[in-house]
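# Report on the structure
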Amino acid sequence: MGKTILQEEADTTSINLPDEMLEHIFAYLPTKSLARTDVLSKHWNRLCLWRSHPHLIILDSVRDPLLSHKLTKLLRAVLSRRQPDSNITTFRLCSYLSPFCLRDCIDRVVMNHGIERLELDVYLDCSFDLPSSLFDCNTLRVLTLNHQYEEPVDDRRYFSLWEEGTPLPSYRHFNYPDSRGLPSVHALSLTNVYFRGGSDLFSGDNFPLLRKLWLKNCRGLSHLNINCPGLEILKLDGLHLKGLNISGTGLLALRIIKCFRYVGSWAKIWAPSLQSLYWESRISVKCSVKSFRDLKTCSLRFHYKIPDRATLQSASTLLSATCFARSMFVGSGNRVLETLSKIDSEGGLPCSFTNLVTLELHTYLTKDEIIGITCLLRSSPILRTMTIISNSCSGTRNMDLDEKQYWKSQIQNLKSIEVHLKVVRIDVQDVQMHERAVYLGKLLLCHGRALQEMTLNLRSYPVVPSFEQQRVQSEIMTFAHASSNVIVTLLPPHT
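I will try to describe carefully the structure that is included in this document.

Conventions adopted
- Residues numbered from 1 in each chain as written.
- Predicted model: local features only at pLDDT ≥ 70, side-chain atom pairs only at ≥ 80, totals over all residues.
- Heavy atoms only, no water.
- Helix = DSSP H or I, 4+ residues; strand = E, 2+ residues; numbered from the N terminus.
- Contact = heavy atoms within 4.5 Å.
- Areas by Shrake-Rupley, 256 points an atom, 1.4 Å probe, with all protein chains shown as cover.
- Buried < 20%, exposed > 50% of the residue type's maximum accessible area, 1.4 Å probe, protein only.
- Salt bridge = Lys/Arg side-chain N within 4 Å of Asp/Glu carboxyl O.
- Polar contact = N/O pair within 3.5 Å; in protein donor to acceptor, adjacent residues only side chain to side chain.
- Pairing = 2+ DSSP bridges.
- Axes fitted to C-alpha atoms, helices over the stretch in contact; angles between N-to-C directions.
- Parallel < 35°, antiparallel > 145°, perpendicular 65-115°, else oblique.
- Nonpolar A, V, L, I, M, F, W, Y, C, P; charged D, E, K, R; others polar.
- Phe/Tyr/Trp six-rings, centres within 6.5 Å; stacked < 30°, edge-to-face > 60°.

### Section: the overall build of the chain
- A count of helices and strands for the chain gives 16 helices and 24 strands.
- The contacts in the chain between residues at least 6 apart in sequence include a share of 64% that link residues at least 24 apart.
- Of the roughly 23,700 Å² of accessible surface on the chain, a fraction of 51% belongs to carbon and sulfur atoms.

### Considering the environment of Val423
- Turning to its location among the elements, Val423 is positioned in strand S22 (residues 423-428).
- By relative accessible area, which is 25% here, Val423 ends up partly exposed.
- Once you skip the residues sitting within four places of it in the chain, Val423 turns out to touch Arg384, Thr385, Met386, Leu451 and Glu453.

### Focus on unusual backbone geometry
- For Asn217, which is not glycine, the phi torsion reads 50° and is therefore positive.
- You can call Asn217 partly exposed: its relative accessible area is 24%.

### Comments concerning the pattern of salt bridges
- In this structure the tally under the stated criterion is six salt bridges.
- Here Arg425 and Asp427 are joined by a salt bridge, their closest N and O atoms 3.2 Å apart.
- Its relative accessible area of 26% is what places Arg425 among the partly exposed residues.
- Here Asp427 falls in the buried class, since its relative accessible area comes to 5%.
- A single salt-bridge network, built from bridges that share partners, covers Arg92, Arg117 and Glu119.

### A word on the side chain of His362
- In this fold, His362 is placed in strand S20 (residues 358-363).
- Relative accessible area serves as the criterion here: at 17%, His362 is assigned to the buried category.
- At 2.8 Å, the side chain of His362 and the side chain of Glu360 are in polar contact.

### A short note on the sheet that holds strand S6 (residues 174-176)
- Taken together, the three strands give an open sheet; going across it, the order is S4-S6-S8, and neighbouring strands pair in parallel fashion. Because the sheet does not close on itself, it has two edges, and the strands there are strand S4 (128-129) and strand S8 (193-195).

### Quick word on the packing of helix H11 (residues 336-345) against helix H12 (residues 367-378)
- Look at H11 against H12: their axes get within 7 Å of each other, and the N-to-C directions meet at 75°. Put simply, H11 runs roughly perpendicular to H12. Each of Leu337, Glu338, Leu340, Ser341 and Asp344 in H11 lies in contact with H12, whose residues at this interface are Asp368, Glu369, Ile371, Gly372, Ile373, Cys375, Leu376 and Arg378.
- The residue makeup of the contact of H11 with H12, split by class, is six nonpolar, two polar and five charged.

### Considerations on the packing of helix H10 (residues 309-321) against H11
- Following both chains from N to C, one finds H10 and H11 inclined at 105°, their axes separated by 10 Å at the closest point. With respect to their mutual orientation, H10 and H11 come out roughly perpendicular. Judged by residue contacts, Leu312, Ala315, Ser316 and Leu319 of H10 engage Thr339, Leu340, Lys342 and Ile343 from H11.
- In the contact of H10 with H11, the residues fall into five nonpolar, two polar and one charged.

### Some words on the packing of aromatic side chains
- All told, the structure shown has seven aromatic pairs when counted by the stated rule.
- Geometrically, the ring pair formed by Tyr176 and Phe195 is tilted, given 5.3 Å between the ring centres and 45° between the ring planes. Pair noted here: Tyr176 is in strand S6 and Phe195 is in strand S8, with a separation of 19 residues, a long-range link. Here Tyr176 matches Phe195 in class, with each residue buried.
- Taken together, the ring pairs in this structure connect Phe135, Tyr176, Phe195, Phe202 and Phe207 into an aromatic cluster.

This is the structure in C-alpha cells:
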C-alpha cells in the first residue's frame, strides 16, 4: 500500500533534520533499537549513528552460558565497527559473560574510546581479576562494578571463614589489585569485590577526585581507612570489619549498615560537615565520634545481645554525636529505645537534642521502650512533630496500672510536649496495641497545650470491627483537650 502525502512529508522532515538534532534524539534509544535505524533510511545508514553514538548500553538478563558466545561475537562486532574518533561516554553492560569476553570489552572500551562512565552489572561463573587498563585510564569519571553473585547460606562453616576475612571457596567476585587507585574517578560503586591491598587504599593519593563511594558485600579488609579529601557521600553495606576509620572534612552523607562482625570492633569517625547519618550496626562497636554540628537527619538502629556498661558507653557516645540533628528516625526491631532506657537508669543522656524538631519512632510500646521514649522526649526541648508507629509484638498484653502511672507521671513534666509539640501522628499496626496507643493519645491531648493536629490511624489486619472503631473514636473525641485549636482525626484501616 502506498504512503499518503502526510506520511511522506513526515518521513522527509525527520530524515532532513540536522544531523546534530538527530544525534540528540537518538541518544534516548537503547543500542539495539539504535542499530535498527540503519535500515530505515539511506541517510541514517550513511550517518552511522549507532557506530558513533556516545552511549553504548547492552542489557541481557538471561543467564545462559550457551548465549555467552553469541554475545561475545556481538560485542566484538559492535566495538570493532565503531568509528576510530568516536568516544564512548557511557558503556553499560548487564549480562552473563565469560571472563575472556569481559576482559576484552574492558580493554577495547577503555583503551580506544575515552570512556567516562563504565557500569558492569555482570554474572560470571568464576572470580575475575580487574585488568590494569582500567586503572591506567585517565578519562574514567564513574565506575560501577557489580558481580551478580549471592552468598551461600550463612552456616557455621561459612561464618567462621567470614570472621577470618578469608574468601569463601565458592565465593565469586571481582579481584581488586594491590593498592591501585583511580585518580580520575569521581563516583565509585563496588559490589562483591575482594580487596587484595592494604587498609589504606582509599586515600587522597589514590582517589584525589572521589566524591561518592559505595562499598557493598566486599571482602578482604578487616580494617578500613577512608581519607579522601573531596569525599561527600559514603555508603558501607555488609562489610566484615574489625576497625573503621573515616576522616573527611567535606563528608555530607554517611550510611553504615551491618559492617561489623568481630568481637571488639571499633569505629572512629571525624566528619565535621556531616548532614545525614544512617547507622545500623552492632552497638557493641566501640565508637570514637566527634559531634556532627551540621547534622540535619539521623536514622539509628542498634543491634546487640547482652548489654553491658561498655555497650551503653558506645551508645551514649554515638547518641551524643547526633545531638544537633533536626530530624531523627528510630526503627523497629532494634535496641535504640531499650538502650535509652538503660542509659536513663544510669543517670540519663549526657546531651540534649536542642535542634530536634521532627521525630519518628517505631515501637512496641513496651515498658522498657516507654522509658526510652520519655528519656528522648525529655532531651528534646523544641520538638514540634512526632510520629509513632506502633508495631505488633508477640505476647502483647494490656497496659497495667504501673505503666499507665509511669506514662502519666513522665508526660506531665515534659516541657517539649506542653509548649512546642504541634503535630502528632500515631499509626497502630495491631488491634492488641489499641489500648496503649489510645492511652498515649489521650495523655498527649491532655498536656499538649500547643497541639494543632493529632491523627490516629488504625492500620490493623484483620480489619478493625466497627464497634472497636466507635469505641476508640468515642474515647478520643470526648476526651478533654488542653489545646482548643487541636484537630483530631481518626483514620479507618488501610489508610
